[in-house]
Structure formats: C-alpha cells, structure tokens
Amino acid sequence: LDNFEAAKSILRRFGLRRTAWDSLQELAKKYGIEIVPEWRLKDGPVTSEKIGQFHLQPAFELLNNELKVYSTSMLKTTRLKRIVLCSKVRIKRGIFEGQSGSKKNSRVCGIFVGKSGNLYLPLDWFSGSHSRHTFHHELYHCIDYHRSFWRYWDPGWALLNEKGFSYSREKYEGREIEYPRRVGFISTYAMTDVWEDKAELYASMILHYKYVVTKCDQDTVLKKKFLRIKELLLRFCPEYNDAFWKSRENCSITVWDDHTV
Ligand SMILES: [Zn+2]
C-alpha cells in the first residue's frame, strides 16, 4: 500500500492526467495486480527511471489490449504481481544470471524480476508491436518462474535443439544481422538462453500465431518446441487449451520483419 500511495503522490506532483491513471488502476484492480509508475526500492541488479505523463495513455492502451488476451483467472495463475511503468531500464547482467558475461550496465527493452515479482515495461522505448511483444515475453518469464520448483531450469528443452548448438548471450545478443535465426529458433535473441528461447516463442505464439505455424511447417525442431510450450502451459493452467490457441490464431498479426518478432 505504501508503494501505491507513493506512486499516486508522484503522479499528483507531476500533474498527470487522472483519466489514464485511473483507467490503469481499474485495470490493475480487475486483474488483481499492481501497476506503478516507477520502482524506487532496490531490485537486485535492475534500475529504472521515471516516466513522463505522456506515457500514461499509451501505457493504458497497451496494457488494456494485452491483458485482454487472458482471463482474470489465467492471469492470477501466472502470479504476476506488479507492472512497473518506467524508462531506461538497466541491468547488470553478470550478477543477475550468474553468468560470466559482460558485467556492464546494459539497457534492456523489458525485464521480469522473479524475487520482487516486478515486470518492468520501459515506455521510453514504446512502440506498438515491440511493446506488445515485450509484455508477453516478460509475462512468460513470470510463468516460467512460478511453473515449477526449478524456476527457469529446464534441461529437457536444450535437448530439442540440433546437435552441436549451444546457447550464448555473448555471441547472439543484438547480432541479428550476423547471426540470422537458425533452425529451431523463432529469433536470434531466442538463441541466447533456454528461458529466452521459450519466452520469444511464447510471445510470438501469442501475437503471430499463424506465422509461427508456417515456420513450424518448415522446421521440425521449432515444431517440437511449439508443442512443448503448449504442453507446459496446459499443465500450468487448464485455460491454455485449444480454444485459447484458436483465439490467438484468429487474432494473429502479420510479421513484417523476420528479425523483429
Ligand atoms: Zn527475456
């Protein structure tokens, strides 16, 4: 409650439009989550900055649209706690994932922190289709985190890949041109880690279902992953059933650029 009150006072101080903020809070209430304009407490390796008032209306439109994909009971199952509307989200990579990779503060287009339950949605990088993708991508991390005792750990997933492939954040992150997605992957970013592979595929299935199905027709590894994701989700929540995927197929949007799904 303290955070919520603090958030409200910040907004009042900024003179933000009540309407968009009120609508965001109604949305939060409907889904039993919190939507806050920034997060000032320490949150592991993640830092973020405030948003401007002009961000509120697009944020409402985005979240209203994307949350609609889920029933309130489905969203409850994901155990999503909080959406942080913010700008300039940065993460110290090496610490967060226990990797030996770069320790520099990298700017990211979204992140989910399991421990705090915060899903960071940077609105300074707002763009219709990218932000939609980011929301579902991060929501999948939330599902993955709560899906089992083992959190993101899923050794069986990597076995679905072609022999000889290994995930690498250092090699593939931000290098779509040098390394176009290869067999078994929906994007280059999916090649950085098991959990990113799953989140990328999930977000694409939510937004571009028909495109994913077309890719699966030509790619047996991807097809196996597509079926595996469906199986994992159905076990996680019975509402991820055929009717759900049928509705995603009906709402499927076109992919214009192969690199940006
Ligand atoms: Zn991710």
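Criteria and thresholds
Residues numbered from 1 in each chain as written. Predicted model: local features only at pLDDT ≥ 70, side-chain atom pairs only at ≥ 80, totals over all residues. Heavy atoms only, no water. Donors = N, O, S within 2.8 Å, 3.2 Å for Na, K, Ca; no water. Helix = DSSP H or I, 4+ residues; strand = E, 2+ residues; numbered from the N terminus. Buried < 20%, exposed > 50% of the residue type's maximum accessible area, 1.4 Å probe, protein only. Pairing = 2+ DSSP bridges. Core = buried A, V, L, I, M, F, W, Y, C linked by side-chain atoms within 4.5 Å. Contact = heavy atoms within 4.5 Å. Arc of directions from axis to C-beta.

1. Considering the coordination of the zinc ion
Coordination of the zinc ion by the protein is provided by His137 (NE2), His141 (NE2) and Glu196 (OE), with metal-donor distances spanning 2.0 to 2.1 Å. Each donor residue of the zinc ion belongs to the same chain, with the gaps between them written as H-x3-H-x54-E. With His137 in helix H6 (residues 128–147) and Glu196 in helix H9 (residues 194–207), this residue pair connects regions lying 59 residues apart in the sequence. The pair His137 / Glu196 is uniform in exposure class, with both members buried.

2. Regarding the pairing of strand E6 (residues 118–122)
In terms of burial, E6 is a largely internal element, 5 of the 5 residues being buried. Where burial is concerned, the two faces of E6 agree: the one with Asn118, Tyr120 and Pro122 and the one with Leu119 and Leu121 are both buried. Alignment of strand E3 (residues 82–92) against E6, held across 5 bridges, turns out to be parallel. Opposite Arg82, over in E6, you have Asn118 as the bridge partner. Strand direction decides the pairing type here: strand E5 (residues 111–113) and E6, joined by 3 bridges, are antiparallel. By the bridge assignment for E6, Phe112 is matched with Leu119. Hairpin connection from E5 to E6: 4 residues lie between these consecutive antiparallel strands, with Gly117 at a positive phi of about 75°.

3. Quick look at the nonpolar core
Ranked by size, the top nonpolar core spans 63 residues in total, and within it Leu63, Tyr70, Leu85 and Tyr240 carry the most contacts. Counting residues per element, this core draws most heavily on H9, which supplies 7 residues. Apart from residues no more than four positions distant in its own chain, Leu63 is found in contact with Leu24, Leu27, Ile35, Lys68, Ile83, Leu85, Leu121 and Phe135. The next biggest cluster of nonpolar side chains, apart from the first, holds 11 residues, and it includes Val36, Val108, Val113 and Tyr120.

4. Observations regarding helix H10 (residues 209–217)
Of all the positions in H10, only Tyr209, Tyr211, Val212, Lys215 and Cys216 are classed as buried. With its buried residues spanning 160° around the axis, H10 presents them on a single face. Considering only its buried residues, H10 is in contact with H9, helix H11 (220–236) and helix H12 (242–250).

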